[in-house]
Structure formats: C-alpha cells, structure tokens
Amino acid sequence: MFRSKASSLSKLIPLMFGQSNLAYKFIHPVTASCGHRCHRSVIYKERYWMHQLSAGRQTISTGTKVMAEGELPAVLILDIGGTHGVLEDLAALLKKHFHLITMKEFLGNKEEMRKKIQSVFVFECRPTIDRELLESLPNLKVIANSGVGVDHLDLKMISSFGVKVTNTPHAVADPTADIGMALMLASARRLVEGCHIALSPDTKCFAVDWLGVEVTRATLGIIGMGSIGYKVAQRARAFNMRILYHNRNQRRKEEEEAVGAHYCAKMEDLLQQSDFVMLVVNLTPETHKLIGKKELRLMKPTATLINISRGAVIDQDALVEALQNKVIRAAALDVTYPEPLPRDHPLLNLNNVIITPHIGTATVQAIRMMAEEAIANMLAVLNDQPIPSEVFPK
C-alpha cells in the first residue's frame with residue numbers, strides 16, 4: 001500500500017522551493033519504544049519534483065468546489081512577526097500559495113472569513129486548536145503542523161471533525177540530531193561552566209583539576225531509534241562510541257550494522273551500561289515521565305542524561321534530586337516542562353545541568369524546510385493527492 005502511494009507522489013504538486021528539484025525521503029510513522037510514535041526510515045526512491053507555483057494560475061480541487069483561477073486558498077495563522085507570529089520570511093513563502101488570514105483578522109470578521117479558511121498553519125504550537133475553533137471553521141480540511149511533535153494537538157478530536165493533521169518529519173531529523181550531539185559534547189567537556197570561568201572578572205588562573213569526560217569510545221544509549229535517533233547513531237559512530245538503543249521494534253540487521261548499534265530489549269539494560277543516555281521519543285501517555293527516580297538510579301553515577309524530545313518525558317522533580325545528590329553526573333536538556341521554566345525552578349541553579357531553549361530545529365535551513373513540507377502537505381490535501389506526512393490518531 002505504501003509503495004503504491006509513494007509511486008503516485010511523483011505527480012506534481014506545485015510548490016516553491018529554494019531548489020528546482022528536491023529528492024524527498026518519505027518516512028512512514030511507526031510505533032516505537034514504549035508506545036511512542038517515531039519515524040522509521042522507509043525510503044521511497046521516487047523523486048518528489050517541486051516547482052515554482054505561479055500565484056495567479058493555480059486551480060485547486062477542494063472536493064466541494066473548484067476555486068476560480070487566480071484565487072488562492074485561505075490559511076489561518078496566528079500572526080505575522082512579533083513574539084509569537086510566523087516569521088516574515090516564512091509568511092512570504094506561504095503567500096506564494098495561500099491567502100493568509102491572521103487570527104486577529106478572523107476574529108474581527110468571523111462571518112466572512114470562516115467559510116474561506118480551509119487550512120491552518122501551526123507554527124511553534126500556535127494558534128491553539130480547540131473545539132471552539134474547529135466548530136467555527138466549516139470548510140477546514142487540514143491542520144499543518146510545522147514540526148514533528150504533535151502532542152499539543154488533540155488528534156482524535158480533530159479527526160472527529162473530518163480534518164486531517166500533518167507534520168514535518170523530514171526537516172527535523174538532522175538539526176535535532178546535531179543538537180543532541182552538541183549537548184552531549186558540551187556537557188561532557190563542561191563548556192558552559194568553562195565559558196563562565198574564562199569570562200569571569202574574578203578569574204586569576206585556570207584550575208588544573210577542572211576536568212570533563214571524553215565522548216570518544218564512551219557508551220551511548222539511545223532511547224527511541226526513529227529517524228532522529230538513527231541520525232544520532234550515525235554521528236556517534238564517528239566518535240567511535242559504543243551504541244546501544246532501546247526501541248519497541250528492533251531495526252533490521254543491516255541498519256544496526258551500518259552504525260554499529262546494539263539492541264536492548266529492556267530499557268533497564270541500556271540505562272545500566274550507558275555513559276550517556278539520550279532521549280529521542282515523542283511524548284505520549286506511555287512516555288510521560290518515562291525517566292523517573294527508579295530509572296535514574298539504574299544509571300551510572302558518572303552518566304549524563306540528554307533530552308531532545310519533550311520535557312515531560314522526564315520526571316523533573318526526580319531529576320533535580322538525582323543531580324543534587326550526584327546519582328548521575330549531569331544532564332543536558334533542550335526541552336523542559338514547562339517552557340521556559342519558572343525563574344525560581346531548582347534546575348536553573350545547578351551547575352551540572354545545561355538547559356537550552358528548545359532549539360533543536362532552530363536553524364535557518366530547518367525552519368524553511370518545515371514550512372515547505374507543511375505547504376506541500378496542505379496543497380496535497382486540497383488537491384486530493386497522497387499526503388506526504390499525515391499524522392493519524394491512535
């Protein structure tokens with residue numbers, strides 16, 4: 001079934017990309033470790049040809065009517081620019097294919113706008129998708145999430161309105177794997193502490209006993225070996241690391257051999273052996289507080305916990321206690337719960353933790369690629385074409 005869908009994806013979906021041609025790797029979502037949803041590499045070798053869309057020449061079949069030539073489909077966004085709005089460069093990209101309606105414009109003229117909106121572009125978890133909004137948009141067909149995680153969306157509720165949900169897994173894997181490696185290296189070599197020492201006006205000399213640990217030849221345990229986890233393993237192999245992984249489904253032998261990864265059917269075995277434990281799972285009821293007091297006590301006292309998934313995957317109270325009592329050596333977190341943490345949160349006062357502001361995909365290239373993927377998804381739905389990255393409720 002998936003192979004036949006991939007073949008039909010060779011049909012053109014007009015879309016403005018930075019390049020005239022782009023070979024896409026389509027990844028089928030599968031259930032992975034502990035019930036979380038990850039993305040296993042099911043690679044389709046067909047090229048997904050993307051071409052520039054002439055704004056005045058598109059005809060889109062909506063299922064109920066065909067839009068007039070020159071009319072662009074309307075997409076709802078929170079805002080353009082500002083603290084929470086869509087970045088202006090991305091808004092310009094969206095405008096090549098859609099008529100943009102901000103939430104302020106929609107609320108100011110609901111009767112006129114509600115029937116025009118067929119898509120919602122969710123950027124940085126905004127706008128909030130609730131029942132009231134869905135009830136007010138009778139012609140809504142698709143909610144396109146810019147990013148892979150959809151724990152902020154009630155998939156079952158959205159599906160009950162006959163609306164499809166899409167995400168953008170292809171753009172996030174490389175930058176998120178990069179930030180995982182960056183956090184591991186920064187924590188191992190105590191780069192943040194070292195920077196403070198080097199810049200401090202009180203520093204007179206550098207202490208000879210100020211030491212970090214090595215990543216090279218250390219053991220890395222990856223919890224969640226989807227597309228991101230696998231790319232972490234590819235990078236770790238360059239450091240001659242011993243790679244363990246835990247996933248609900250074991251990868252194929254040739255995939256394991258390509259990165260030198262060893263499967264641990266029990267997460268406990270991985271925790272006990274790893275010098276660095278990296279969490280690369282989606283947040284689901286099964287992965288909520290996946291790492292708690294029990295799991296932290298299974299880890300080596302010299303181990304580091306790295307989280308590039310979602311903050312609620314870790315029991316943060318248990319993590320604070322573990323870091324304070326040296327149950328584990330350190331933690332490096334790109335995600336917390338909530339974000340940002342309250343300014344008096346105890347995690348912010350520990351010198352053996354690095355916290356970054358959820359920047360796993362915060363690169364110029366990734367943000368644009370996510371927008372391009374979201375546009376491709378929306379156009380596919382509106383054209384009644386196979387959808388590159390649809391997310392289904394469990």
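Everything here concerns the structure above.
Remember, predicted model here, so these are calculated numbers, not experimental data.

Attention now moves to the packing of helix 7 (residues 169-188) against helix 14 (residues 364-382). Helix packing geometry: the angle between the two helix axes and the distance between the axes. Following both chains from N to C, one finds helix 7 and helix 14 inclined at 165°, their axes separated by 8 Å at the closest point. One way to sum up the angle between helix 7 and helix 14 is to call them roughly antiparallel. Like other packed secondary-structure pairs, helix 7 and helix 14 cross with a definite hand, here left-handed. In contact with Pro169, His170, Ala171, Val172 and Pro175 of helix 7, helix 14 contributes Ala366, Met369, Met370 and Glu373. When grouped by side-chain class, the residues that make up the contact of helix 7 with helix 14 number seven nonpolar, one polar and one charged.

Looking now at the packing of aromatic side chains. Applying the stated criterion across every chain, the model contains two aromatic pairs. Summarising the aromatic geometry, the rings of Phe121 and Phe123 are spaced 6.4 Å apart at their centres and angled 20° between planes, so their arrangement reads as stacked. Taken individually, Phe121 and Phe123 each receive the classification buried, so the pair is uniform in this respect. Relative to Tyr263, the ring of Tyr245 has its centre 5.3 Å away and its plane inclined at 50°; by these criteria the two rings are tilted. Highlighted residues: Tyr245 in strand 9 (residues 242-246) and Tyr263 in strand 10 (residues 261-263), separated in sequence by 18 residues.

Moving on, we come to the pairing of strand 8 (residues 219-223). Strand 8 sits mainly inside the fold: five of its five residues count as buried. Judged by which residues are buried, strand 8 turns out to be covered on both faces: Thr219, Gly221 and Ile223 on one side and Leu220 and Ile222 on the other are all buried. Examined bridge by bridge, strand 8 and strand 9 share five bridges and lie parallel to one another. Its bridge partner being in strand 9, Ile222 is matched across the sheet by Tyr245. In this fold, the crossover linking strand 8 to strand 9 by way of helix 9 (residues 227-237) has right-handed handedness.

Working definition: the strands of a sheet are paired by backbone hydrogen bonds and lie parallel or antiparallel to each other. A sheet is described by the order of its strands in space; here six strands give the open sequence 4-3-5-6-7-15, paired in mixed fashion. What marks the edges here is a single partner per strand, and that holds for strand 4 (99-102) and strand 15 (390-391). The sheet contact formed by strand 3 (residues 74-77) and strand 5 (residues 117-123) spans three bridges and is parallel. Residue Val75 lies in a different strand from strand 5, and its bridge partner there is Ser119. In this fold helix 14 packs onto strand 3, strand 5, strand 6 (142-146) and strand 7 (164-166), with an angle of close to 160° to the strand it touches most, strand 5.

Between its first and last C-alpha atoms helix 14 spans 27 Å; for 19 residues at 1.5 Å apiece the expected length is 27 Å, and the two agree. In terms of burial, helix 14 is largely enclosed, as 15 of its 19 residues are buried. Two residues or fewer after helix 14 comes Asp384, characterised by a positive phi angle close to 55°.

As a further point, take the sheet that holds strand 10. Strand order in the open sheet formed by seven strands is 10-9-8-11-12-13-14, and the pairing between neighbours is parallel. Looking at which strands have only one partner, the edges of the open sheet turn out to be strand 10 and strand 14 (353-355). Between one strand and the next, the sheet's axes are offset by a mean angle of 20°, whatever the strand orientation. With four bridges connecting them, strand 8 and strand 11 (residues 276-279) associate as parallel partners. Within strand 11, the residue paired with Ile223 across the bridge is Leu279.

Rules behind the numbers
Residues numbered from 1 in each chain as written. Predicted model: local features only at pLDDT ≥ 70, side-chain atom pairs only at ≥ 80, totals over all residues. Heavy atoms only, no water. Axes fitted to C-alpha atoms, helices over the stretch in contact; angles between N-to-C directions. Helix = DSSP H or I, 4+ residues; strand = E, 2+ residues; numbered from the N terminus. Parallel < 35°, antiparallel > 145°, perpendicular 65-115°, else oblique. Left-handed = near helix turned anticlockwise from the far one by under 90°. Contact = heavy atoms within 4.5 Å. Nonpolar A, V, L, I, M, F, W, Y, C, P; charged D, E, K, R; others polar. Phe/Tyr/Trp six-rings, centres within 6.5 Å; stacked < 30°, edge-to-face > 60°. Buried < 20%, exposed > 50% of the residue type's maximum accessible area, 1.4 Å probe, protein only. Pairing = 2+ DSSP bridges. Right-handed = clockwise from strand over helix to strand, strands pointing away. Expected span 1.5 Å × (residues − 1).

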